[in-house]
Amino acid sequence: MKTSRMVAGLLLVLQIGIFSPALLADEQHTVLITGANRGIGLEFVRQYAERDWKVIATCRNPDAADTLNNLALEYDNIVIEQLDVIDHTGIDALAERYKGQPVDVLLNNAGLMRGPDRGQMVGTIDYEEFDRFYLINVQGPLKVSEAFYPNVKISEYKTMAALTTGKGDKGIPIPGFSLYKTSKAALDAWQKEIAIRWKRQGVRVVTLLPGRVLTHGEDPNTSMSHVSVDKSVAGMLQVLDNLTMEQSGQTFQWDGEFIE
Ligand SMILES: NC(=O)c1ccc[n+]([C@@H]2O[C@H](COP(=O)([O-])OP(=O)(O)OC[C@H]3O[C@@H](n4cnc5c(N)ncnc54)[C@H](OP(=O)(O)O)[C@@H]3O)[C@@H](O)[C@H]2O)c1
């Protein structure tokens, strides 16, 4: 009698799918990437899609994002969303649409990267350009992190990452990159603030250094030591995979090297 009730119970459990090994094993994780239409962001999309994660690939102009659109035809786990990181209303609207949905890894990849130019040199600073760098490279990631914090908090991985530049004095010893370098230094400082603020909620915050990746058509034969985009991104994925709570607030290079 007892045994037949147990068997009936087991059958019911199997019928309604509770404890289904497939359900447990195939729990899909989600990554949200900014600046996903080209360069390093696009490669993050490719590698996370390949891992079968749900990829929310955001970019300023989805209609013109041909390579990303083609990738989304290849992988049905890619969702493309319009997002300009200086548009705070748009960021809030997107976060509202994803309300209640976990985001395991939030990847603040979008960035303004240019130079050298005179407008970035002390003595000739272009203050409109100054605002542009800080709006995109500092306020942008901060606002995206604030807006999607509730999604990250309810996820399994609870990870927020942002891409920074250079070692030591931000790696580029040329004055014509000052706005770029100092905006990334401010981003680094904000990453540490975010890590402290949300540590108790179990959110892991990391700043990643992709190395020198030739995303602007530079000639590999004449460019200083560089790393291929696929190798750099694969390395950063490993850093993200192995990130511990104790490392929250720290910076790591693509190859796992800890950066002081
Ligand atoms: N490549 C390197 O060697 C290197 C080294 C150190 C750090 N990094 C950092 O790594 C990140 C990616 O670099 P990358 O080489 O792939 O750069 P990239 O090729 O210049 O791509 C930059 C991406 O950011 C997007 N973006 C710019 N402004 C935006 C805005 N307001 N809203 C939304 N998206 C915006 C761009 O979109 P659009 O196509 O619409 O402009 C593009 O998708 C950047 O943060 C960069 O600073 C790169």
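It should be noted that the structure appears before, not after, this text.
Residues numbered from 1 in each chain as written. Predicted model: local features only at pLDDT ≥ 70, side-chain atom pairs only at ≥ 80, totals over all residues.

Student: Teacher, can you tell me more about helix α6 (residues 127-153) here?
Tutor: For α6, built from 27 residues, the straight-helix expectation of 39 Å at 1.5 Å per residue is met to within 8% by its first-to-last C-alpha distance of 37 Å. At alanine 147, α6 shows its largest kink, close to 45 degrees, and the proline proline 150 lies no more than four residues downstream. When α6 is considered as a whole, its buried residues turn out to be Phe133, Asn137, Val138, Gly140, Pro141, Val144, Ser145, Phe148, Tyr149, Asn151 and Val152. Buried residues in α6 make contact with β1 (30-33), α5 (88-97), β4 (105-108), β5 (159-163) and α7 (178-198). (Helix = DSSP H or I, 4+ residues; strand = E, 2+ residues; numbered from the N terminus. Expected span 1.5 Å × (residues − 1). Bend = angle between axes of the 7 residues up to and from the residue. Buried ≥ 20, exposed ≤ 12 C-beta atoms within 10 Å, placed from the backbone. Contact = placed C-beta atoms within 7 Å.)

Student: So what exactly am I meant to see when it comes to the site of the ligand here?
Tutor: Not every one of the 25 residues close to the ligand is listed here, only the nearest: Gly35, Gly39, Ala110, Gly111 and Thr215. The element that contributes the greatest number of residues to the shell around the ligand is helix α3 (residues 39-50), accounting for 3 residues. Classifying every residue of the shell around the ligand gives 11 nonpolar, 10 polar and 4 charged. (Near = placed C-beta within 6 Å. Nonpolar A, V, L, I, M, F, W, Y, C, P; charged D, E, K, R; others polar.)

Student: What am I meant to see in the sheet that holds strand β7 (residues 250-253) here?
Tutor: The strands that make up a sheet are held in pairs by hydrogen bonds between backbone atoms, and each pair lies either parallel or antiparallel. Strand order across the open sheet formed by 8 strands is β3-β2-β1-β4-β5-β6-β7-β8, with mixed pairing between neighbours. Each edge of the sheet is formed by a strand with only one pairing partner; in this case those strands are β3 (78-82) and β8 (258-259). Two elements, strand β6 (residues 204-209) and β7, share 4 bridges in a ladder whose sense is parallel. What sits directly across from valine 206, in β7, is glutamine 250. Against the sheet, α6 makes contact with β1, β4 and β5, and its axis sits at roughly 175 degrees relative to β4, the strand it touches most. On top of the sheet, helix α8 (residues 229-242) reaches β4, β5, β6 and β7; it is set at about 160 degrees to β6, its chief contact. (Pairing = 2+ DSSP bridges. Axes fitted to C-alpha atoms, helices over the stretch in contact; angles between N-to-C directions.)

Student: I would appreciate a short explanation of the pairing of β7 in the present structure.
Tutor: Taken together, β6, α8 and β7 form a β-α-β motif whose crossover is left-handed. One ladder, built from 2 bridges, connects β7 with β8; its direction is antiparallel. Of the residues in β8, the one forming a bridge with phenylalanine 252 is phenylalanine 258. Where β7 folds back onto β8 in an antiparallel hairpin, the turn is made up of 4 residues, including glycine 256, whose phi is positive at roughly 95 degrees. (Right-handed = clockwise from strand over helix to strand, strands pointing away.)

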